[in-house]
Amino acid sequence: MSSVVANGSSKSPKTHEIKFTKLFINGDFVDSISGNTFETINPTTEEVIAKVAEGRKEDVDLAVKAAREAFDNGPWPRLSGEARRNIMLRFADLIDENADKIATLEVMDGGKLFGASKYFEVPICSETFRYFAGASDKIRGATLKMSRNIQAYTLREPIGVVGHIIPWNVPAYTFATKVAPSLAAGCTMVIKPAEHTPLTALFLAHLSKLAGVPDGVINVVNGFGETAGAAISSHMDIDAVTFTGSTEVGRAVMKAAAESNLKPVSLELGGKSPFIVFDDADLDKAAELAVIGNLNNKGEMCVAGCRVFVQEGVHDVFVKKLEGMVKAWPIGDPFDLATRHGPQNNKQQYEKVLSCIENGKKEGATLVTGGKPFGEKGYYIEPTLFTNVTDDMSIANEEIFGPVISVFKFKTVEEVIKRANATKYGLASGIMTKNIDIANTVSRSIKAGAVWINCYLALDRDAPHGGYKMSGFGREQGLEALEHYLQLKTVATPIYDSPWL
Ligand code: NAD
């Protein structure tokens, strides 16, 4: 017996008419040039939800042309920051007004929980637009103290047409974290959602038009990575690319950018984050955070704290608590508000997670609970807990991106720092201790873009998010996110006509 079946009442809508399935180019929904479509599947029912226009290189070319025209000659980059801000604020309000519809699409297309989506992620999307709307009228340069009789200042100008390549685990959230700062900076863009979750971006593009974002500023080209995605990263007329996804594809995107027009790239990649529980930690809280940090969004989180290191003095007690919580994690219909655990996003991912679990068993980790598919239909996997995991096992090293928690035992602070850092990734980390010296030492020693002390998943629109090492580079969220969409120009002129310039 692994998890309990959710059995709560639900007033959620369960379905939403799919209105937008075409490409969104220059403010219109259009068929792909080839006329090809692809199916998008509901992971709860395994049924086809819709056939979506499949964009390829020629469609990306059209979208880039529209974005180029909107950037070179259109109003968006030339609007005052205040005017851009007001349109973005309207966009944010429309997102809130359509929270039911957006959340329903997220459930149907990606198996996300309706409650978490409507009450947590959709509000994060609208607030992200408001946060960056607030920045759009504050993008300033500096006055320079030149060494000669020249006055000079810097301008921070929008970089141009940007390409956004998006993964499937948090489609609306990733759309917001990329689109909001690039809009605030005055850029125009071509967005490629993941092929498993093409629908929310189209709906958000429709809302952007209602909000008054001019035609050509936001373009959405659904399609596959090797065709539509690759056409974006190698495009000669795209000025910068942001990519969120796997490390392997991130490398391909960077290579294509280098081999085309040397466009700057920002990469938000995979992770294998440590969550460290010291002997003095509040164990109830630590167990709860280990569960949330691994099982939320059915474990499909780049920042999952999936390597749970527990100090030997509390190891056994902690594992017992964790086991109880994992077994009690309610699995079921993602529209049911009592459910905490829905199906994996897609069949390919479902099979990958099951195969990682098999490897964990074969390599000798102790399977405490879970480890199997759940139910008759849908890509459900029981929340899974392994103990006695050692650093050499594949489940200790490979990103699983599913509901699998691995527990490791350690003795000393020095040892756990070394082991926590023994990974190619460096996205996030968690430390559970009441000892300020341990918290300070470990937080400064961990090679990761985020350290969460006595908390986990402390992501925020004001907190720069990004990786160390092979988790990528560049930051999303926070005012730092604007930097990728701006470039710096130095303007100089003589103060007066002087022979000493
Ligand atoms: P993925 O790398 O397979 O795909 C991501 C996107 O890239 C998709 O839109 C895909 O179509 C596109 N793509 C695929 N091949 C391409 C190519 N050759 N050129 C250009 N684009 C291409 O990743 P995924 O399976 O969709 O997402 C899961 C991964 O994303 C995990 O590794 C996860 O850790 C990572 N992720 C990271 C963050 C972060 O903030 N660091 C956030 C979410 C997900």
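What you are looking at is a predicted structure, and each value in this text was computed from that prediction instead of being measured.

Caption draft 1: Region of the structure containing empty space enclosed by the protein. Taken as a whole and assessed by the stated rule, the structure comprises 5 cavities of 30 Å³ or more. Lys-272, Ala-304, Cys-306, Ile-400 and Phe-401 are the residues nearest the centre of the largest cavity, which is lined by 14 residues in total. Classifying every residue of the lining of the largest cavity gives 8 nonpolar, 4 polar and 2 charged. Here the second largest cavity is characterised by a volume of approximately 60 Å³. Around the second largest cavity sit 15 residues that line it, and Pro-274, Tyr-425, Gly-426, Ala-428 and Lys-447 are the ones nearest its centre. Broken down by class, the residue content of the lining of the second largest cavity amounts to 7 nonpolar, 4 polar and 4 charged.

Caption draft 2: Examining the domain arrangement of the chain more closely. For the chain, the assigned domains are domain 1 (23-269 + 471-488) and domain 2 (274-453). Taking the mean C-alpha position of each, domain 1 and domain 2 sit 31 Å from one another. Here domain 1 and domain 2 share an interface that buries about 2,100 Å² over both sides, 57% of which is from carbon and sulfur atoms. Of all residues in domain 1, Leu-113, Trp-168 and Ser-471 give up the largest surface area on contact with domain 2, accounting jointly for 28% of the area buried on that side. Joining domain 1 to domain 2, the criterion identifies 11 residue pairs in polar contact (both at pLDDT 80 or more). Taken together, the elements giving at least two residues each to the side of domain 1 that touches domain 2 come down to α3 (99-110) and α4 (114-136).

Caption draft 3: Representation of α4 within the structure. With 23 residues, α4 extends 32 Å from end C-alpha to end C-alpha; this agrees with the ideal 33 Å at 1.5 Å per step. Of all the bends in α4, the greatest, near 30°, is centred on Glu-121, and the proline Pro-123 appears no more than four residues after it.

Parameters at a glance
- Counting of residues starts from 1 at the beginning of each chain's written sequence and follows it residue by residue.
- For a predicted model such as this one, the threshold for reporting local features is a pLDDT of at least 70, and the threshold for listing and counting side-chain atom pairs is 80 or more; totals across whole chains, interfaces and linings nevertheless cover every residue.
- With hydrogens and water excluded, all non-hydrogen atoms of the structure serve as input to the side-chain values.
- Cavities and pockets were defined on a 1 Å grid built from protein atoms only: a cavity is a group of points that admits a 1.4 Å probe but offers it no way out, a pocket is an open group of points flanked by protein on both sides within 12 Å along at least five of seven lines, and a lining residue is one with an atom within 4 Å of any such point.
- Grid points are joined across faces, edges and corners, and a volume is the space filled by probe spheres set on the points.
- For this classification, Asp, Glu, Lys and Arg are treated as charged, while Ala, Val, Leu, Ile, Met, Phe, Trp, Tyr, Cys and Pro are nonpolar and the rest, including Gly, are polar.
- The start and end points of each domain follow an automatic or database-based domain assignment.
- Buried area: the sum, over both parts, of the accessible surface (1.4 Å probe) that disappears when the two are put together.
- N or O atoms within 3.5 Å of each other form a polar contact, as long as, within protein, one can give a hydrogen and the other can take it, and as long as residues adjacent in sequence are counted only when both atoms are side-chain atoms.
- The secondary structure listing takes helices from DSSP runs of H or I that are at least 4 residues long and strands from runs of E that are at least 2 residues long, numbered from the N terminus.
- Multiplying 1.5 Å by the helix residue count minus one yields the expected span of that helix.
- Given a residue, its bend is the angle between the two axes fitted to the seven residues that end at it and to the seven that start from it.

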